[in-house]
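# Tertiary structure, described
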Amino acid sequence: MKSCVVIGQSNVGKTMFAVNFAAFLGRQELAIAIKAADGPDGARTYNVDEAILTLTGPEVHKTRNLLGQNLEMGVGKGRKPFYLVDTTGLSEGIHPNTQIRRAMAQTLGVIRDAAVILHMMDASAIRRDHPEIGEVDLELANYARMRPGYAILANKMDLPPAQEGLAVLQQRFQELPIFPISALRRQGFREVKRFVAQHI
Ligand SMILES: Nc1nc2c(ncn2[C@@H]2O[C@H](COP(=O)(O)OP(=O)(O)OP(=O)(O)O)[C@@H](O)[C@H]2O)c(=O)[nH]1
Ligand SMILES: [Mg+2]
């Protein structure tokens, strides 16, 4: 089965997207496979509200495992399965915490084999006079930009400063698909779904 990974810096909204996108595709119960970077694998089932309460939050590096979901979406007259993977946030340099370092290495490992790479950035944190596109984001985009299933998700578009951030991203990554979304409000998901469907 083809996989779709959600990558990006910590706190940009990857987990919020993974949960709300599954809900958007019709899931009420989320069966989440937890692949730990160090330690045993696990599995948990949440309803959508529980998943948001438990798995998302403003703490840095809230997610430290791969969180996978078997999902499917309508494509043409049929349905196509795919594996959605939420990942550990990536940062520049060598992280001092061993667990986080291993988790980041695990994230890089799943990017290699993914059919779809959704690279999320927080558009509300990017300003024109002070372009806050992180070095790690520039490197990720450079690495993945030639892959057909690569797209940028400009998240937190529900916050007013995100309009300016989106404009900066569109200027900087002119030749790449960029989807403005609000993972929180489930906005822009139809377009993301169409993109994923083309590559799974
Ligand atoms: N306003 C707004 N807030 C959002 C949105 N998406 C996520 N957030 C908030 O941003 C914070 C981080 O969200 P997460 O989904 O946990 O971010 P993450 O990228 O998974 O972070 P790590 O697991 O640390 O890598 C939470 O407080 C969310 O409520 C959005 O579309 N709009
Ligand atoms: Mg997360």
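See the structure above.
Below you will find a few notes about this structure. Model, not experiment: these values are computed from the prediction.

## Description of helix α1 (residues 14-24)
Note: α-helices contain 3.6 residues per turn, so residues at a spacing of three or four share the same orientation. A large share of α1 lies buried, amounting to 10 of its 11 residues. A positive backbone phi angle near 110° is found at G26, which sits one or two residues after α1.

## A short note on the site of ligand 1
The local shell around ligand 1 holds 23 residues, among which S10, N11, K14, T63 and D158 are the closest. The contact in question runs from an oxygen atom of ligand 1 to an N or O atom on the backbone of G57, over 3.1 Å. The side chain of T63 places a nitrogen or oxygen atom 2.8 Å from an oxygen atom of ligand 1. Within the complex, 90% of the 660 Å² of free accessible area of ligand 1 lies under protein. In a pocket analysis with a 2 Å cut-off to the grid points, ligand 1 is assigned to the largest pocket. Of the residues forming the shell around ligand 1, the biggest block, 3 residues, is contributed by α1. Classifying every residue of the shell around ligand 1 by side-chain character gives 6 nonpolar, 12 polar and 5 charged.

## A word on unusual backbone geometry
In the Ramachandran plot, N11 falls in the positive-phi region, its phi being about 75° despite a non-glycine side chain. Here N11 shows up in the loop between β1 (3-8) and α1. For N11, a relative accessible area of 37% puts it in the partly exposed group. Phi at K156 takes a positive value of approximately 65°, unusual for a residue other than glycine. Its place among the elements puts K156 in the loop between β7 (150-155) and α5 (162-172). Exposure remark for K156: the relative accessible area of 22% places this residue in the partly exposed category.

## Overview of the layout of surface pockets
Space inside the largest pocket adds up to approximately 370 Å³. Taken together, 25 residues line the largest pocket, and the ones lying closest to its centre are N11, V12, G13, M16 and G57. Counting residues per element, the lining of the largest pocket draws most heavily on α1, at 3 residues. Here the lining of the largest pocket is composed, by residue class, of 7 nonpolar, 12 polar and 6 charged. Of the voids in this model, the second largest pocket is the one considered here, and its volume is about 220 Å³.

Cut-offs and rules
- Residues numbered from 1 in each chain as written.
- Chains lettered and ligands numbered in written order.
- Predicted model: local features only at pLDDT ≥ 70, side-chain atom pairs only at ≥ 80, totals over all residues.
- Heavy atoms only, no water.
- Buried < 20%, exposed > 50% of the residue type's maximum accessible area, 1.4 Å probe, protein only.
- Helix = DSSP H or I, 4+ residues; strand = E, 2+ residues; numbered from the N terminus.
- Near = heavy atom within 4 Å.
- Polar contact = N/O pair within 3.5 Å; in protein donor to acceptor, adjacent residues only side chain to side chain.
- Areas by Shrake-Rupley, 256 points an atom, 1.4 Å probe, with all protein chains shown as cover.
- 1 Å grid on protein atoms, 1.4 Å probe; cavity = no way out; pocket = protein on both sides within 12 Å on 5 of 7 lines; lining within 4 Å.
- Sits in = over half its atoms within 2 Å of the grid points.
- Nonpolar A, V, L, I, M, F, W, Y, C, P; charged D, E, K, R; others polar.
- Points joined across faces, edges and corners; volume = space filled by probe spheres on them.

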